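Summary of the model geometry
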Amino acid sequence: TPFVVAGDFNIVGGPGPIDTVVCGDIQDEKTYGADSPPDWDGTCNADLHPRHNATGSEDFTWRDDTTRFEPGRLDYMIYTDSVMIAVHSFILNTTVMTPDALDAAGLRKTDVVLQPPGQFDHLPLVADFRLIDPNVPDGDVNRDGATDGADIDGFADLIVNGSSGDTGRIGRADYNHNGILDHNDIILFVVDLLAP
């Protein structure tokens, strides 16, 4: 059963609540019990962590240029990456969209602004999810249901560019299960792929 926990986490005092939802880290184990990874496969959930308009580098969902506080990420999407993947995701920021893009989407430049010129409160997080078979073997990095040559690009991308918080892709790419993602995983994958 896939699930998504989404909305305003209002995290300002530290990452404790996120650690609990993502990895089941219980701060007061004496009262509430031991840590318990919440995904169905006994691992952490995934923190989607989208960026502005999918291509930007910004990830804030709250900003107020009239205060001394730095922009922050208050809104999250946490999901069970053992049974689903995020195909596309972004934080909608209409203020940086081109006039043509705004017109094509039927939006206005100030649609996400709380108060001009620079007050943003809870920018929208948008995602498309696809269900996957939780029994897909390690090595199916692109999660298309087949462990084949198409996954090599996925391995290379993860090694060169990192995971961007996608723990599910790392889990399937860590082919030798040593917790380190490197060329050895690709070698083992290719050897397995070529084996009769």
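In this report, the structure presented in the accompanying data block is examined.

Notes on the state of the cysteines
Tallying each qualifying case throughout the model produces one disulfide. Here C23 connects covalently by a disulfide to C44, the sulfurs 2.0 Å from one another. In this structure the cystine formed by C23 and C44 twists about its S-S bond by roughly 110 degrees; its chirality is therefore right-handed. Remark: C44 occurs in the loop between α2 (29-32) and β2 (46-47) and C23 occurs in helix α1 (residues 16-23); sequence separation between them is 21 residues. Looking at C23, the relative accessible area reads 31%, which means it is partly exposed. Accessibility expressed as a relative area gives 26% for C44, which makes it partly exposed.

A look at the environment of E29
With respect to the helices, strands and loops of the structure, E29 is situated in helix α2. When near neighbours in sequence (up to four residues on either side) are disregarded, E29 contacts A34 and D35.

Quick notes on the sheet that holds β2
Pairing within the open sheet is antiparallel, and its three strands lie in the order β1-β4-β2. Edge positions in the sheet fall to β1 (4-8) and β2, since each has one partner strand and no second. Relative to strand β4 (residues 75-79), β1 is paired through five bridges, and the arrangement is antiparallel. Its bridge partner being in β4, V5 is matched across the sheet by I78.

Brief notes about unusual backbone geometry
A positive phi angle, near 55 degrees, is found at N53, a position not held by glycine. Take N53: it is sitting in the loop between β2 and β3 (62-64). The backbone of H122 sits at a positive phi, close to 65 degrees, despite the residue not being glycine. By secondary structure assignment, the location of H122 is in the loop between β6 (119-121) and β7 (125-131).

Definitions and cut-offs
Residues numbered from 1 in each chain as written. Predicted model: local features only at pLDDT ≥ 70, side-chain atom pairs only at ≥ 80, totals over all residues. Heavy atoms only, no water. Disulfide = S-S within 2.5 Å. Helix = DSSP H or I, 4+ residues; strand = E, 2+ residues; numbered from the N terminus. Buried < 20%, exposed > 50% of the residue type's maximum accessible area, 1.4 Å probe, protein only. Contact = heavy atoms within 4.5 Å. Pairing = 2+ DSSP bridges.

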